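For reference, the chains in residue letters:
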Amino acid sequence: MALLFPKKRNKMATAAERIGIVETKVENLSEKLDELKVDVRDMHDCLDKTRDGLTAKLEEMHEASGSQHAALAKEISYMKSQRDRLIWTFAGVVAAGGFFAGHADKILKIFGG
């Protein structure tokens, strides 16, 4: 029966073999870690470029917004001055009309006879 089913021998790996396996695994981990470092560097570069692009765009938008606000402030100032001029002109016309209406009889005597 021993010939049909030979005994399997449990062969334990020697210490040197086990150390070799562990060293191989450590080397593989080191390579993967190096790859991850490169990927992280690439990601940081991409994030830096994105940040720089966004900063430039925000500065451009800020400058555009400032110039738009300045233009609107100038236009509003002009409109206020025109409104004030119109109000004072109307007030002068009303005052002159009131004066002429109050003194119509004297004015008609001078010009009408």
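Before reading further, recall that the structure is shown in the block above.
Attention here is on the structure that accompanies the text. (Residues numbered from 1 in each chain as written. Predicted model: local features only at pLDDT ≥ 70, side-chain atom pairs only at ≥ 80, totals over all residues. Heavy atoms only, no water.)

Mapped onto the secondary structure, Thr-50 falls in helix H1 (residues 15–102). For Thr-50, a relative accessible area of 41% corresponds to the partly exposed category. Linking Thr-50 and Met-12, residues 38 residues apart in sequence, is a C-alpha distance of 56 Å. (Helix = DSSP H or I, 4+ residues; strand = E, 2+ residues; numbered from the N terminus. Buried < 20%, exposed > 50% of the residue type's maximum accessible area, 1.4 Å probe, protein only.)

The next thing to look at is a negative patch on the surface. Side chains of Glu-23, Glu-27, Glu-31, Asp-34, Glu-35, Asp-39, Asp-42 and Asp-45 sit close together on the surface and give a patch of like negative charge. The exposed category is assigned to Glu-27, whose relative accessible area is 52%. (Patch = residues over 30% accessible without salt bridge, like charges linked within 9 Å, V, L, I, M, F, W, Y side chains within 5 Å. Areas by Shrake-Rupley, 256 points an atom, 1.4 Å probe, with all protein chains shown as cover. Salt bridge = Lys/Arg side-chain N within 4 Å of Asp/Glu carboxyl O. Lys, Arg positive; Asp, Glu negative; His and termini not counted. Charge placed at Lys NZ, Arg CZ, Asp CG, Glu CD.)

Bringing the packing of aromatic side chains into the picture now. Per the stated rule, a full pass over the model turns up 1 aromatic pair. Look at Phe-99 and Phe-100: their rings are 5.8 Å apart centre to centre, the planes differ by 70 degrees, and that puts the pair in the edge-to-face class. Residue Phe-100 is classed as partly exposed on the basis of its relative accessible area of 47%. (Phe/Tyr/Trp six-rings, centres within 6.5 Å; stacked < 30°, edge-to-face > 60°.)

Another point: the pattern of salt bridges. Side-chain pairing between opposite charges can occur once the charged atoms of the two side chains come close. As enumerated under the stated definition, the model contains 4 salt bridges in all. In this structure, Asp-84 engages Arg-83 in a salt bridge whose closest nitrogen and oxygen atoms are separated by 3.1 Å. By relative accessible area, Asp-84 is classed as partly exposed at 33%. On the basis of relative accessible area, Arg-83 is assigned to the partly exposed category, the value being 46%. It is possible to trace a salt-bridge network through shared partners that takes in Asp-48, Arg-51 and Asp-52.

These values are about where atoms sit, not about what they do.
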